[in-house]
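# Report on the structure
What follows is the residue order along each chain.
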Amino acid sequence: MEFEGVVYKIMPVTRGTSARGEWQRQDVVFDYNDGGQFSRKISVTFFNKESDVAKLREGETYLVSVNIESREYNGRWYTDIRAWRVQPKQQQPAPAADAPLPSDFPAEGGSFGGGAAAEVDDLPF
């Protein structure tokens, strides 16, 4: 699943040791708005991804790819949202004021405005 969100808060790192070795996790809270009137907060866990969290800045917008999983323990259900990719949102460049419009270019083999129409070639190659 993917969503676009603004980094609201970067939480402190939690470290530990398991049978598999050292681990660390860090939660990042994103502000998510799906176009409605209200925004929602989503806490996403970054597990052993210190370099990914180091690139994040509060207030910046990112495209976040996550896996969502729920599991049962002692009759209660717990949901985990883990990030597997984070990309900064690409800003759409504004068109340059002096850039020529597509209609300003000459037609194939023709001249600017009023010239003879180019011959139509219906071959697929």
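Note: the structure precedes this text.
Residues numbered from 1 in each chain as written. Predicted model: local features only at pLDDT ≥ 70, side-chain atom pairs only at ≥ 80, totals over all residues. Heavy atoms only, no water.

Below, the discussion takes up the side chain of T45. Relative to the helices and strands, T45 resides in strand β3 (residues 40-47). A relative accessible area of 5% places T45 in the buried class. Within the structure, the side chain of T45 is placed 2.8 Å from the side chain of D27, a separation counted as a polar contact. T45 has contacts with R25, Q26, D27, D80, I81, R82 and A83, leaving out every residue within four places of it along the chain. (Helix = DSSP H or I, 4+ residues; strand = E, 2+ residues; numbered from the N terminus. Buried < 20%, exposed > 50% of the residue type's maximum accessible area, 1.4 Å probe, protein only. Polar contact = N/O pair within 3.5 Å; in protein donor to acceptor, adjacent residues only side chain to side chain. Contact = heavy atoms within 4.5 Å.)

Turning next to unusual backbone geometry. One non-glycine residue with positive phi stands out, namely N48, at about 55 degrees. Tracing the chain through its elements places N48 in the loop between β3 and α1 (50-54). Note on N48: relative accessible area 45%, which makes it partly exposed. If you check the backbone angles, N74 has positive phi at about 55 degrees while not being a glycine. According to the relative accessible area criterion, N74 is exposed, its value standing at 64%.

Throughout the structure, instances matching the rule amount to 3 aromatic pairs. When the ring of F3 is compared with that of Y32, the centres are 5.7 Å apart and the planes differ by 80 degrees; the resulting orientation is edge-to-face. Taken together, the residues span a long stretch of sequence, with F3 in strand β1 (residues 2-18) and Y32 in strand β2 (residues 21-32) at a distance of 29 residues. When its relative accessible area of 5% is taken as the criterion, F3 is described as buried. The interplanar angle of 15 degrees and the centroid separation of 5.9 Å between the aromatic rings of W23 and F47 together place this pair among those described as stacked. With a gap of 24 residues between them, W23 in strand β2 and F47 in strand β3 connect regions that are remote in the sequence. Assessed through its relative accessible area of 24%, W23 is described here as partly exposed. We classify F47 as partly exposed; its relative accessible area is 29%. Through a chain of ring-to-ring contacts, three or more aromatic side chains come together here, namely F3, F30 and Y32. The ring of Y8 has K41 sitting right over it, with the charged end atom 4.5 Å from the ring centre. (Phe/Tyr/Trp six-rings, centres within 6.5 Å; stacked < 30°, edge-to-face > 60°. Lys NZ or Arg CZ within 6 Å of the ring centre and 35° of its normal.)

Everything listed here is a matter of coordinates, which is why it stays silent on function.
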